[in-house]
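# Results of the structural survey
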Amino acid sequence: MCGIIGVLGNNEVAPILVEALKRLEYRGYDSAGIATVNAGTLDRRRAVGKLVNLSDLLVHDPLAGKAGIGHTRWATHGAPSVGNAHPHKAGPVAVVHNGIIENFRDLRAELAENGVGFETETDTETVALLTHHHMSQGDTPVEAARKTVARLDGAFALAFLFDGQDNLMVAARKGSPLAVGYGAGEMYIGSDAIALSPLTDRISYLEEGDIAVITRDSVEITDANGTIANREVRTIQIDATRIDKGGHKHFMAKEIAEQPGVIGQALQHYIGTGSDITLPGKGMDFSQIDRITMVACGTAFYACLTAKYWFEQIARLPVEVDVASEFRYREPPIPDRTLALFVSQSGETADTLAALRYCDGKASSIASVINVPESSIARESDLALPIYAGVEVGVASTKAFTCQLTVLFLLVLKAARDRGTLDDAGLAAHLDALRALPGVINVALGKNDAMRAAARKLSTARDVLFLGRGQMYPLALEGALKLKEISYIHAEAYASGELKHGPIALVDEEVPVIVMAPRDALFDKTVSNMQEVMARKGKVILISDAEGLGEASEGVWTSIEMPKVADALTPILYAIPAQLLAYHTAVAKGTDVDQPRNLAKSVTVE
Ligand code: G6P
């Protein structure tokens, strides 16, 4: 969950490292640090908290040098402190690390027996100390790094820099992604292509067990067996200029506002505007599939839960959905004719990737819905479907969620066609509704003021409940997740019908209850549950369309009107009020919207 950058450059490297760390801050922001080699001397600067603290430190205490490594941290072992911040240094070696060294306690004990002392609580310091230990026994830096990496268990990406060596970096990958970037007389390493994008568009990804020995004009990669390996150099296309707030106060606000555009982009890519339709999933035949297992984490998991309703209702295909961290250790049987389908914005979530690897060789086919086409999950899938959301910076996922839903819905249509459960007219109706969706979402975004007003009321609550029925239930879960992660208000979601089996005991005049209820076939049932809440003095925020509000808004605390959309697409549309309510509540509370406490956008440790 940490971000790594390394540069062997021709210019002063500190500002380049800091700029790259800015692009990696989505991976963690507990501390940041850089190390450089200047005139042969290895030195470092580290600061707790956001990257801006490191930038400030470098103004007062600059670090010269044209070779350097940098790190942004999401704390796993040891509290966020300067001492625990990376790079970790032991004698002539500095190390930055993403992941977890699982056997660090054993290695520490071994080093302690050799009289080595420790200054930090981290697992990473062990790597620096072990490398130093090998160098003090006469090993060259490269030999020492190799011997050290061979001793490490766990999932990690590592970069090493050495005193006296301003033309050498060593990088190692096992379990956590790491890319090597090729420049003109310069070389780079980075946790992802986004970090490297302004520096170079030519990168190669290290594979499991790879170690790269890098100088300004060479890279030698060896695989897990120590054999020289060739890793394809790809030209990537990432528009780095788009990574700004575009006049919005927060990335999250910008990303919410972008949804009509990016959903339109995804639709354009998959179905175009003409009558010659190709649905995603080319090469897949859903008539040969008996069930789907969908696996994901966080918001992507709620996208899967929503898609379950669609696959089952529209394509008559049974779907099981699981959170990756449970799925991977439960060892579920995977019957024949099962499609394993993984959803991940980053494509790097450690648990989702492990779940995919579990299914490899067991499922008939592995597909993924991802936002980063170069990601590990995309590369390890038989079929990877990009969602075209563009770079998402806000830690709370917004546009990636609605784009995931859009692409999943298209895949459902493909499944329904393959299985003969959707005729031409049905398909045409769904496609028309999809094409109208960006415009309808624009109308929903226009309700911003109503959402801000409702959020002001929510911002003083201690607990908030979300209710939804049918395909609005996963959206209620997503709404509660959004609210808690950025406003820190305790929020829970329940299927409306479950309310009276326990959660209704929580309802009193202090608890706002947000009811997501478009005027669909289940509306009356949800409204009955809403009445039960109001009878117990619960304060209801009803989100529905004009027809629904006309029928049921009497006595509610607040109502928010959504435009009408085809029933199947309501989860995509109603994501807008779920996001905006959370956003405005967080703004009213003054929390850090884009980088909420304790969270990271990409969870690359389990
Ligand atoms: C983190 C993020 C969430 C995201 C989840 C899964 O928890 O904060 O926004 O939904 O990881 O990430 P993925 O990249 O696999 O979609």
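Everything discussed here concerns the structure shown above.
Numbering of residues starts from 1 in each chain and follows the order in which that chain's sequence is written. Since the coordinates come from a predicted model, pLDDT governs what is reported: local features require at least 70, and pairs of side-chain atoms require 80 or more to be given and counted, while whole-chain, interface and lining totals use all residues. To obtain the side-chain values, all non-hydrogen atoms of the structure were used and water was disregarded.

What counts as a helix is a DSSP run of H or I of at least four residues, what counts as a strand is a run of E of at least two, and both are numbered from the N terminus. Structurally, Glu-125 is set in helix H4 (residues 124-136). The classification of residues rests on relative accessible area computed with a 1.4 Å probe and restricted to protein chains. Under 20% of the type maximum is buried, over 50% is exposed, and intermediate values are partly exposed. The positive count covers Lys and Arg only, the negative count covers Asp and Glu only, and His and the chain ends enter neither. Salt bridge, as applied in this entry: a Lys or Arg side-chain nitrogen positioned within 4 Å of an Asp or Glu carboxyl oxygen. Here Glu-125 occupies a buried position and makes no salt bridge, while the nearest side chain of opposite charge, Arg-108, is found at 4.6 Å. Beyond its immediate chain neighbours, meaning those up to four positions away, Glu-125 contacts His-88, Phe-118, Glu-119 and Thr-120. Only heavy atoms enter the contact rule, under which two residues are in contact if any of them lie within 4.5 Å.

Here the focus is the site of the ligand. Taken together, 13 residues sit near the ligand, with Thr-299, Ser-344, Gln-345, Ser-346 and Thr-349 positioned nearest. N or O atoms within 3.5 Å of each other form a polar contact, as long as, within protein, one can give a hydrogen and the other can take it, and as long as residues adjacent in sequence are counted only when both atoms are side-chain atoms. Contacts to the ligand include Thr-299, whose backbone N or O atom sits 3.0 Å from an oxygen atom. At 3.2 Å from an oxygen atom of the ligand is found a main-chain nitrogen or oxygen belonging to Val-395. When the ligand sits alone it has 390 Å² of accessible area, and the protein chains cover 89% of it. Taken atom by atom, the bulk of the ligand overlaps the second largest pocket. Being near a molecule or strand, for a residue, comes down to having at least one heavy atom within 4 Å of it. Residue burial considers only the protein chains on display, and all accessible areas are found by Shrake-Rupley using a 1.4 Å probe. Buried and open spaces are told apart on a 1 Å grid over the protein atoms alone, a cavity being a set of points where a 1.4 Å probe fits but cannot get out and a pocket being an open set with protein on both sides within 12 Å along at least five of seven lines. Residues with an atom within 4 Å of a point are the lining residues. Being in a pocket or cavity means that more than half of the molecule's atoms lie within 2 Å of its grid points.

Take the packing of helix H15 (residues 448-458) against helix H20 (residues 575-589) next. Across the interface, H15 lies against H20 with an axial gap of 8 Å and an inter-helix angle of 55 degrees. Of the possible angle classes, the one that applies to H15 and H20 is oblique. Regarding H15 and H20, the two cross each other, and that crossing is right-handed. Contacts from Asn-448, Met-451, Arg-452, Ala-454, Ala-455 and Leu-458 in H15 reach Pro-577, Leu-580, Leu-581, His-584 and Thr-585 in H20. Charged residues are taken to be Asp, Glu, Lys and Arg, nonpolar residues to be Ala, Val, Leu, Ile, Met, Phe, Trp, Tyr, Cys and Pro, and polar residues to be all remaining types, Gly included. Along the lines of polarity and charge, the residues of the contact of H15 with H20 split into 7 nonpolar, 3 polar and 1 charged. Here, axes are lines fitted to C-alpha atoms. For helices the fit covers the stretch in contact, and angles between N-to-C directions go from 0 to 180 degrees. Note that the term roughly parallel is reserved for angles under 35 degrees, roughly antiparallel for angles over 145, roughly perpendicular for angles of 65 to 115, and oblique for everything else. If you view the pair so one helix is near and one far, a crossing is left-handed when the near helix is turned anticlockwise from the far one by less than a right angle, and right-handed when it is turned clockwise.

Right, let's talk about the nonpolar core for a bit. Nonpolar side chains tend toward joint burial in soluble globular proteins. With 101 residues, the main nonpolar core has Ile-292, Met-294, Trp-310, Phe-311 and Phe-466 as its most contacted residues. For this core, the element with the most residues is helix H13 (residues 399-418), which contributes 13 residues. Excluding residues that lie within four positions of it along the chain, Met-294 makes contacts with Cys-304, Ala-307, Phe-311, Val-319, Glu-320, Val-321, Asp-322, Leu-341, Val-343 and Leu-408. Counting 27 residues, the second largest nonpolar core, distinct from the first, contains Val-127, Ala-128, Phe-156 and Ile-211. Buried Ala, Val, Leu, Ile, Met, Phe, Trp, Tyr and Cys residues form a nonpolar core when they are joined through side-chain atoms within 4.5 Å.

Time to look at the sheet that holds strand E8 (residues 165-174). Pairing between two strands is assigned when DSSP locates at least 2 bridges connecting them. Overall, antiparallel pairing links the 6 strands, which are arranged E5-E6-E7-E8-E12-E13 in an open sheet. With partners counted over all chains shown, the strands left at the sheet margins are strand E5 (88-90) and strand E13 (218-222), one partner each. Across the sheet, the mean angle from the axis of one strand to that of its neighbour is 20 degrees, orientation sign disregarded. When strand E6 (residues 93-101) meets strand E7 (residues 154-162), the two strands line up antiparallel, connected through 9 bridges. If you follow Ala-94 over to E7, its bridge partner there is Leu-161.

What follows is about the sheet that holds strand E21 (residues 490-495). Reading across the sheet, the 5 strands line up as E21-E20-E22-E23-E24 and stay open at both edges, with parallel pairing between neighbours. Edge strands, defined here as strands with exactly one partner in the open sheet, are E21 and strand E24 (558-562). In this sheet, adjacent strand axes meet at a mean angle of 20 degrees when their direction is disregarded.

Mapped onto the elements, Arg-44 comes out in strand E3 (residues 41-48). A residue is classified by how much of its surface remains accessible, and Arg-44, at 21% relative accessible area, is partly exposed. Sequence spacing of Arg-44 and Val-180 is 136 residues, and the spatial spacing of their C-alpha atoms is 22 Å. Apart from the residues lying within four places of it in its own chain, the contact partners of Arg-44 are Ile-34, Ala-35, Leu-63, Pro-87, His-88 and Lys-89.

The aromatic pairing rule takes the rings of Phe, Tyr and Trp, using the six-membered ring of Trp, and pairs them if the centres are within 6.5 Å, calling planes under 30 degrees apart stacked, those over 60 edge-to-face and the rest tilted. For the structure shown, the criterion picks out 6 aromatic pairs. With centroids separated by 5.7 Å and ring planes inclined at 85 degrees, the aromatic side chains of Phe-327 and Tyr-358 adopt a geometry described as edge-to-face. With Phe-327 in helix H10 (residues 324-330) and Tyr-358 in helix H11 (residues 350-359), this pair connects stretches of sequence that are 31 residues apart. Residue Phe-327 is classed as buried on the basis of its relative accessible area, which comes to 2%. Taking relative accessible area as the criterion, Tyr-358 reaches 17% and is therefore assigned buried. The criterion for a charge sitting over a ring is simple: Lys NZ or Arg CZ within 6 Å of the ring centre, and within 35 degrees of the ring normal. Over the face of the ring belonging to Tyr-358 we find Lys-362, whose NZ or CZ atom lies 3.8 Å from the ring centre.

One number sums up the size of the second largest pocket: a volume of about 570 Å³. Around the second largest pocket, the lining is made up of 29 residues, and of these Cys-297, Gly-298, Thr-299, Lys-601 and Val-603 lie nearest the centre. Of all the secondary structure elements, the ones that give two or more residues to the lining of the second largest pocket are helix H9 (298-314), strand E17 (338-344), H11 and helix H16 (472-487). When its residues are assigned to classes, the lining of the second largest pocket shows 14 nonpolar, 12 polar and 3 charged. Grid points are joined across faces, edges and corners, and a volume is the space filled by probe spheres set on the points.

Here we take up H11. Among the 10 residues that make up H11, 8 are buried, leaving the element largely enclosed by the rest of the structure. Every buried residue of H11 is accounted for by Ala-350, Asp-351, Thr-352, Leu-353, Ala-355, Leu-356, Tyr-358 and Cys-359. Along its buried surface, H11 packs onto strand E15 (291-296), H10, E17, strand E18 (365-370) and helix H12 (376-379). A positive phi of about 90 degrees marks Gly-361, the residue just after H11.

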